[in-house]
Amino acid sequence: MKDKIERWFKNFQERLCLALEECDGGATFQEDLWERPGGGGGAARVIQNGNVFEKGGVNFSAVVGVLPEKAAQALLLPDNNFFATGVSVVLHPRNPHVPITHMNVRYFEAGNGEAWFGGGIDLTPIYVQKDQVQFFHRALKNTCDRFQENYYADFKKWADDYFFIPHRGETRGVGGIFFDRLTPTPEISLEERFAFVQAVADTFAPTYTSIVDQNRDKEFSEQEKEWQLIRRGRYVEFNLVNDRGTKFGLETHGRTESILMSLPPLASWHYNHAPAEGTPEADALLCFQKGIDWLQEE
(Lines give C-alpha, C1' and ligand atoms only; values in the text may rest on other atoms or scores of the structure.)
Protein backbone atom coordinates (compact mmCIF):
# COMPACT_ATOMS: atom_id res chain seq x y z
CA MET A 1 0.00 0.00 0.00
CA LYS A 2 2.90 2.35 0.61
CA ASP A 3 3.53 2.72 -3.16
CA LYS A 4 -0.08 3.81 -3.66
CA ILE A 5 0.19 6.31 -0.81
CA GLU A 6 3.48 7.71 -2.10
CA ARG A 7 2.03 8.22 -5.59
CA TRP A 8 -1.02 9.99 -4.21
CA PHE A 9 1.08 12.33 -2.07
CA LYS A 10 3.28 13.21 -5.05
CA ASN A 11 0.20 13.95 -7.17
CA PHE A 12 -1.23 16.04 -4.35
CA GLN A 13 1.92 18.15 -4.30
CA GLU A 14 1.49 18.80 -8.04
CA ARG A 15 -2.16 19.78 -7.70
CA LEU A 16 -1.61 21.96 -4.66
CA CYS A 17 1.25 23.90 -6.25
CA LEU A 18 -0.92 24.66 -9.27
CA ALA A 19 -3.76 25.89 -7.03
CA LEU A 20 -1.42 28.12 -5.02
CA GLU A 21 0.23 29.54 -8.14
CA GLU A 22 -3.19 30.41 -9.49
CA CYS A 23 -4.05 32.07 -6.17
CA ASP A 24 -0.82 34.10 -6.15
CA GLY A 25 -1.21 35.17 -9.75
CA GLY A 26 2.45 36.03 -10.16
CA ALA A 27 5.18 33.79 -8.79
CA THR A 28 5.72 30.12 -9.58
CA PHE A 29 7.20 27.32 -7.52
CA GLN A 30 10.83 26.41 -8.08
CA GLU A 31 11.63 22.73 -7.62
CA ASP A 32 14.72 21.31 -5.97
CA LEU A 33 15.06 17.52 -6.20
CA TRP A 34 17.12 15.85 -3.53
CA GLU A 35 18.27 12.40 -2.44
CA ARG A 36 18.73 11.17 1.10
CA PRO A 37 22.05 9.39 1.68
CA GLY A 38 20.30 6.71 3.74
CA GLY A 39 17.68 6.05 1.07
CA GLY A 40 14.90 7.82 -0.80
CA GLY A 41 14.53 11.53 -1.39
CA GLY A 42 12.04 14.16 -2.32
CA ALA A 43 11.10 17.34 -4.11
CA ALA A 44 11.23 20.70 -2.36
CA ARG A 45 9.09 23.34 -4.05
CA VAL A 46 9.43 26.95 -2.93
CA ILE A 47 7.57 30.07 -3.99
CA GLN A 48 9.05 33.49 -3.19
CA ASN A 49 8.34 37.19 -3.74
CA GLY A 50 4.91 36.63 -5.21
CA ASN A 51 1.86 38.86 -5.30
CA VAL A 52 0.50 37.09 -2.21
CA PHE A 53 3.20 34.77 -0.90
CA GLU A 54 6.41 36.33 0.34
CA LYS A 55 7.73 32.82 0.93
CA GLY A 56 6.16 29.40 0.95
CA GLY A 57 6.97 25.77 0.44
CA VAL A 58 5.22 22.58 -0.59
CA ASN A 59 7.58 19.70 0.11
CA PHE A 60 7.19 16.05 -0.85
CA SER A 61 9.40 13.30 0.52
CA ALA A 62 9.59 9.52 0.52
CA VAL A 63 12.49 8.18 2.54
CA VAL A 64 13.66 4.83 3.88
CA GLY A 65 16.37 3.92 6.32
CA VAL A 66 17.24 3.12 9.89
CA LEU A 67 16.31 5.54 12.66
CA PRO A 68 18.87 6.60 15.24
CA GLU A 69 18.19 4.93 18.57
CA LYS A 70 17.03 8.16 20.20
CA ALA A 71 14.46 8.82 17.47
CA ALA A 72 13.25 5.21 17.50
CA GLN A 73 12.73 5.35 21.27
CA ALA A 74 10.78 8.61 20.95
CA LEU A 75 8.44 6.90 18.48
CA LEU A 76 8.21 3.77 20.65
CA LEU A 77 9.42 1.60 17.78
CA PRO A 78 10.58 -1.98 18.38
CA ASP A 79 12.27 -1.94 14.93
CA ASN A 80 14.49 0.94 13.80
CA ASN A 81 13.88 0.38 10.08
CA PHE A 82 11.33 2.76 8.60
CA PHE A 83 9.62 4.16 5.51
CA ALA A 84 8.06 7.62 5.60
CA THR A 85 6.34 9.72 2.98
CA GLY A 86 4.28 12.88 3.03
CA VAL A 87 3.68 16.45 1.97
CA SER A 88 4.36 19.45 4.20
CA VAL A 89 3.21 23.00 3.50
CA VAL A 90 3.94 26.39 5.07
CA LEU A 91 2.93 29.71 3.53
CA HIS A 92 4.05 33.16 4.72
CA PRO A 93 1.98 35.86 2.96
CA ARG A 94 3.22 39.36 2.26
CA ASN A 95 0.11 41.16 3.56
CA PRO A 96 -0.30 41.02 7.38
CA HIS A 97 -4.06 40.64 6.91
CA VAL A 98 -3.55 37.27 5.18
CA PRO A 99 -2.93 34.46 7.71
CA ILE A 100 0.10 32.21 7.79
CA THR A 101 -0.91 28.60 7.31
CA HIS A 102 0.59 25.16 7.74
CA MET A 103 -0.61 21.72 6.75
CA ASN A 104 0.88 18.31 6.36
CA VAL A 105 -0.17 14.77 5.62
CA ARG A 106 2.17 11.87 6.23
CA TYR A 107 2.48 8.09 6.38
CA PHE A 108 4.97 6.13 8.47
CA GLU A 109 5.72 2.43 8.33
CA ALA A 110 8.04 0.73 10.79
CA GLY A 111 10.24 -2.23 10.00
CA ASN A 112 7.94 -4.56 11.91
CA GLY A 113 5.01 -3.62 9.65
CA GLU A 114 3.27 -1.25 12.04
CA ALA A 115 1.89 1.67 10.02
CA TRP A 116 0.01 4.88 10.68
CA PHE A 117 -0.99 8.28 9.30
CA GLY A 118 -0.58 11.74 10.74
CA GLY A 119 -1.20 15.30 9.70
CA GLY A 120 -3.37 18.34 10.14
CA ILE A 121 -4.08 21.91 9.14
CA ASP A 122 -3.78 25.04 11.27
CA LEU A 123 -4.14 28.78 10.76
CA THR A 124 -2.01 31.59 12.18
CA PRO A 125 -3.62 34.96 11.53
CA ILE A 126 -1.77 38.13 12.43
CA TYR A 127 -5.06 40.01 12.84
CA VAL A 128 -8.02 37.79 13.69
CA GLN A 129 -11.18 38.02 11.60
CA LYS A 130 -13.52 35.83 13.60
CA ASP A 131 -15.90 35.08 10.73
CA GLN A 132 -12.97 33.77 8.70
CA VAL A 133 -11.72 31.64 11.59
CA GLN A 134 -15.24 30.21 11.94
CA PHE A 135 -15.33 29.44 8.21
CA PHE A 136 -11.96 27.68 8.52
CA HIS A 137 -13.02 25.52 11.48
CA ARG A 138 -16.39 24.74 9.89
CA ALA A 139 -14.64 23.44 6.77
CA LEU A 140 -12.43 21.18 8.89
CA LYS A 141 -15.38 19.91 10.90
CA ASN A 142 -17.36 19.15 7.75
CA THR A 143 -14.47 17.02 6.47
CA CYS A 144 -14.01 15.25 9.81
CA ASP A 145 -17.73 14.54 10.14
CA ARG A 146 -17.70 12.57 6.89
CA PHE A 147 -15.61 9.92 8.66
CA GLN A 148 -16.02 9.81 12.47
CA GLU A 149 -18.19 12.02 14.65
CA ASN A 150 -15.45 12.39 17.26
CA TYR A 151 -12.69 13.38 14.84
CA TYR A 152 -13.15 17.15 14.87
CA ALA A 153 -13.49 17.53 18.64
CA ASP A 154 -10.57 15.19 19.32
CA PHE A 155 -8.27 16.59 16.65
CA LYS A 156 -9.18 20.21 17.39
CA LYS A 157 -8.13 19.71 21.03
CA TRP A 158 -4.99 17.93 19.85
CA ALA A 159 -4.12 20.96 17.70
CA ASP A 160 -4.72 23.36 20.61
CA ASP A 161 -2.39 21.31 22.79
CA TYR A 162 0.25 20.71 20.12
CA PHE A 163 0.51 24.20 18.59
CA PHE A 164 1.17 25.76 21.98
CA ILE A 165 4.25 27.77 22.95
CA PRO A 166 4.80 26.93 26.64
CA HIS A 167 7.38 29.63 27.29
CA ARG A 168 4.94 32.24 25.95
CA GLY A 169 1.76 30.76 27.38
CA GLU A 170 -0.02 31.17 24.06
CA THR A 171 -1.01 29.13 21.04
CA ARG A 172 0.74 29.68 17.73
CA GLY A 173 -2.50 30.79 16.13
CA VAL A 174 -6.18 29.84 16.12
CA GLY A 175 -5.59 26.12 15.79
CA GLY A 176 -7.26 23.71 13.43
CA ILE A 177 -6.89 19.95 13.56
CA PHE A 178 -3.88 17.77 14.33
CA PHE A 179 -3.61 14.00 14.50
CA ASP A 180 -0.85 11.44 14.70
CA ARG A 181 -0.36 7.71 14.81
CA LEU A 182 -3.73 6.88 13.27
CA THR A 183 -3.23 3.13 13.06
CA PRO A 184 -5.78 0.64 11.77
CA THR A 185 -8.19 -0.74 14.36
CA PRO A 186 -10.77 -3.54 14.28
CA GLU A 187 -13.34 -0.87 13.36
CA ILE A 188 -11.27 1.35 11.03
CA SER A 189 -9.02 -0.05 8.30
CA LEU A 190 -5.77 1.50 7.09
CA GLU A 191 -7.53 2.22 3.79
CA GLU A 192 -10.21 4.19 5.66
CA ARG A 193 -7.52 6.13 7.51
CA PHE A 194 -5.96 6.93 4.14
CA ALA A 195 -9.30 8.14 2.75
CA PHE A 196 -9.61 10.53 5.70
CA VAL A 197 -6.09 11.89 5.17
CA GLN A 198 -6.83 12.40 1.48
CA ALA A 199 -9.98 14.34 2.36
CA VAL A 200 -8.06 16.54 4.81
CA ALA A 201 -5.45 17.29 2.16
CA ASP A 202 -8.08 18.20 -0.41
CA THR A 203 -9.84 20.51 2.07
CA PHE A 204 -6.78 22.71 2.36
CA ALA A 205 -6.53 24.62 -0.94
CA PRO A 206 -10.14 25.74 -1.41
CA THR A 207 -10.48 26.72 2.25
CA TYR A 208 -7.24 28.65 2.55
CA THR A 209 -7.37 30.38 -0.84
CA SER A 210 -10.88 31.59 -0.02
CA ILE A 211 -9.48 33.32 3.07
CA VAL A 212 -6.56 34.69 1.06
CA ASP A 213 -8.88 36.23 -1.50
CA GLN A 214 -10.85 38.04 1.21
CA ASN A 215 -7.72 39.77 2.52
CA ARG A 216 -5.08 40.01 -0.19
CA ASP A 217 -5.91 43.54 -1.35
CA LYS A 218 -6.33 45.16 2.06
CA GLU A 219 -4.06 48.12 2.74
CA PHE A 220 -1.69 47.92 5.68
CA SER A 221 0.51 50.26 7.69
CA GLU A 222 4.11 50.00 8.85
CA GLN A 223 2.80 49.27 12.34
CA GLU A 224 0.72 46.37 11.03
CA LYS A 225 3.72 45.04 9.11
CA GLU A 226 5.84 45.21 12.25
CA TRP A 227 3.21 43.26 14.20
CA GLN A 228 3.35 40.64 11.46
CA LEU A 229 7.11 40.34 11.93
CA ILE A 230 6.68 39.96 15.69
CA ARG A 231 4.10 37.20 15.21
CA ARG A 232 6.40 35.54 12.71
CA GLY A 233 8.96 35.50 15.49
CA ARG A 234 6.57 33.43 17.57
CA TYR A 235 6.20 31.09 14.61
CA VAL A 236 9.97 30.65 14.48
CA GLU A 237 10.15 29.99 18.22
CA PHE A 238 7.59 27.20 18.01
CA ASN A 239 9.13 25.54 14.97
CA LEU A 240 12.66 25.54 16.36
CA VAL A 241 11.90 24.79 20.00
CA ASN A 242 8.68 22.76 20.11
CA ASP A 243 7.88 21.19 16.74
CA ARG A 244 8.43 17.43 16.73
CA GLY A 245 8.63 17.27 12.95
CA THR A 246 11.56 19.68 12.87
CA LYS A 247 13.34 17.70 15.56
CA PHE A 248 12.64 14.39 13.81
CA GLY A 249 13.94 15.70 10.48
CA LEU A 250 17.16 17.03 11.96
CA GLU A 251 17.77 13.94 14.11
CA THR A 252 17.33 11.63 11.12
CA HIS A 253 19.74 13.72 9.03
CA GLY A 254 17.06 15.00 6.71
CA ARG A 255 17.64 17.76 4.21
CA THR A 256 18.18 20.92 6.25
CA GLU A 257 16.85 23.37 3.65
CA SER A 258 13.60 21.40 3.34
CA ILE A 259 13.19 21.07 7.11
CA LEU A 260 13.73 24.79 7.71
CA MET A 261 11.58 25.81 4.74
CA SER A 262 8.89 26.62 7.32
CA LEU A 263 10.76 29.69 8.57
CA PRO A 264 9.75 33.14 7.25
CA PRO A 265 12.17 35.33 5.30
CA LEU A 266 11.93 38.07 7.94
CA ALA A 267 10.89 38.13 11.60
CA SER A 268 11.31 40.43 14.61
CA TRP A 269 11.86 40.19 18.34
CA HIS A 270 11.24 43.29 20.46
CA TYR A 271 12.34 43.23 24.06
CA ASN A 272 9.41 43.03 26.50
CA HIS A 273 6.91 43.91 23.80
CA ALA A 274 3.21 44.12 24.70
CA PRO A 275 0.49 45.78 22.60
CA ALA A 276 -1.61 48.49 24.17
CA GLU A 277 -4.96 47.40 25.61
CA GLY A 278 -7.86 47.72 23.23
CA THR A 279 -5.76 47.70 20.07
CA PRO A 280 -6.30 45.16 17.25
CA GLU A 281 -2.98 43.58 18.23
CA ALA A 282 -4.14 43.09 21.83
CA ASP A 283 -7.45 41.71 20.58
CA ALA A 284 -5.56 39.19 18.45
CA LEU A 285 -3.57 37.97 21.46
CA LEU A 286 -6.82 37.16 23.25
CA CYS A 287 -7.54 34.64 20.49
CA PHE A 288 -4.23 32.81 20.82
CA GLN A 289 -5.25 30.46 23.61
CA LYS A 290 -6.45 26.92 24.02
CA GLY A 291 -10.04 25.83 24.16
CA ILE A 292 -11.87 28.48 22.15
CA ASP A 293 -14.94 26.91 20.58
CA TRP A 294 -14.94 28.78 17.31
CA LEU A 295 -18.08 27.06 16.06
CA GLN A 296 -20.04 28.37 19.05
CA GLU A 297 -18.92 31.87 18.11
CA GLU A 298 -21.22 31.80 15.09
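Residues numbered from 1 in each chain as written. Predicted model: local features only at pLDDT ≥ 70, side-chain atom pairs only at ≥ 80, totals over all residues. Heavy atoms only, no water.

## Observations concerning the sheet that holds strand 5 (residues 100-110)
Strand pairing in a sheet relies on backbone hydrogen bonds, with the paired strands running either antiparallel or parallel.
Part 1 of the argument: Spatially, the seven strands line up as an open sheet ordered 1-2-3-4-5-6-9, and their pairing is antiparallel. Two strands bound the open sheet, and with one partner strand each, they are strand 1 (30-35) and strand 9 (176-182). Across the sheet, the axes of successive neighbouring strands diverge by a mean angle of 10°, strand direction being ignored.
Part 2 of the argument: Relative to strand 5, strand 4 (residues 81-93) runs antiparallel, the two being bridged by ten bridges. Note that in strand 5 the partner of Val 87 across the bridge is Val 105.
Part 3 of the argument: Along the sheet face, helix 6 (residues 222-242) touches strand 3 (53-66), strand 4, strand 5 and strand 6 (115-124) and points at about 165° away from the line of strand 4. (Pairing = 2+ DSSP bridges. Helix = DSSP H or I, 4+ residues; strand = E, 2+ residues; numbered from the N terminus. Axes fitted to C-alpha atoms, helices over the stretch in contact; angles between N-to-C directions. Contact = heavy atoms within 4.5 Å.)

## Some words on the pattern of salt bridges
Part 1 of the argument: Inspection of every chain in the model, using the stated rule, returns 19 salt bridges.
Part 2 of the argument: Between Glu 54 and Arg 232 there is a salt bridge whose closest N-O contact spans 2.8 Å. Taken as a pair, Glu 54 in strand 3 and Arg 232 in helix 6 lie far apart in primary sequence, 178 residues in all. Arg 232 shares its class with Glu 54; the two are buried.
Part 3 of the argument: Residue Lys 141 pairs with Asp 145 through a salt bridge whose shortest N-O separation is 2.6 Å. Taken as a pair, Lys 141 and Asp 145 lie in helix 3 (residues 130-145) at a separation of four residues, close to a single helical turn.
Part 4 of the argument: By relative accessible area, Lys 141 is classed as partly exposed at 23%. (Salt bridge = Lys/Arg side-chain N within 4 Å of Asp/Glu carboxyl O. Buried < 20%, exposed > 50% of the residue type's maximum accessible area, 1.4 Å probe, protein only.)

## Things to note about the nonpolar core
Part 1 of the argument: In this structure, Phe 9 and Phe 196 are the most contacted members of the largest nonpolar core, which totals 58 residues.
Part 2 of the argument: Excluding residues within four positions of it along the chain, Phe 196 makes contact with Cys 144, Phe 147, Tyr 151, Phe 155, Phe 179 and Leu 182.
Part 3 of the argument: Formed by twelve residues, the second largest nonpolar core is a distinct cluster that contains Ala 44, Ala 72, Phe 82 and Ala 110. (Core = buried A, V, L, I, M, F, W, Y, C linked by side-chain atoms within 4.5 Å.)

## Things to note about empty space enclosed by the protein
Part 1 of the argument: Here the structure, examined in full by the defined rule, presents three cavities of 30 Å³ or more.
Part 2 of the argument: In this model, the largest cavity occupies a volume close to 40 Å³.
Part 3 of the argument: His 97, Pro 99, Leu 123, Pro 125, Tyr 127, Gln 129, Gln 132 and Val 133 together form the lining of the largest cavity. (1 Å grid on protein atoms, 1.4 Å probe; cavity = no way out; pocket = protein on both sides within 12 Å on 5 of 7 lines; lining within 4 Å. Points joined across faces, edges and corners; volume = space filled by probe spheres on them.)

## What to know about helix 1 (residues 2-24)
Part 1 of the argument: The terminal C-alpha atoms of helix 1 lie 33 Å apart, and with 23 residues this matches the ideal 33 Å at 1.5 Å per residue to within 8%.
Part 2 of the argument: By the burial criterion, the buried members of helix 1 are Ile 5, Trp 8, Phe 9, Phe 12, Gln 13, Leu 16, Cys 17, Leu 20, Cys 23 and Asp 24.
Part 3 of the argument: Looking at the buried positions of helix 1, the neighbouring elements they touch are strand 2 (40-48), strand 3, strand 4, strand 5, strand 6 and helix 5 (190-215).
Part 4 of the argument: Just downstream of helix 1 lies Gly 25, where phi reads positive at about 75°. (Expected span 1.5 Å × (residues − 1).)

## Digging into the layout of surface pockets
Part 1 of the argument: By volume, the second largest pocket is sized at about 180 Å³.
Part 2 of the argument: Contributing to the lining of the second largest pocket are Gln 30, Glu 31, Asp 32, Ala 44, Val 46, Lys 55, Arg 255, Glu 257, Ser 258, Leu 260 and Met 261.
Part 3 of the argument: Those elements that place two or more of their residues in the lining of the second largest pocket are strand 1, strand 2 and helix 8 (256-259).
Part 4 of the argument: At three residues, the largest contribution of residues to the lining of the second largest pocket is made by strand 1.
Part 5 of the argument: Classifying every residue of the lining of the second largest pocket gives four nonpolar, two polar and five charged. (Nonpolar A, V, L, I, M, F, W, Y, C, P; charged D, E, K, R; others polar.)

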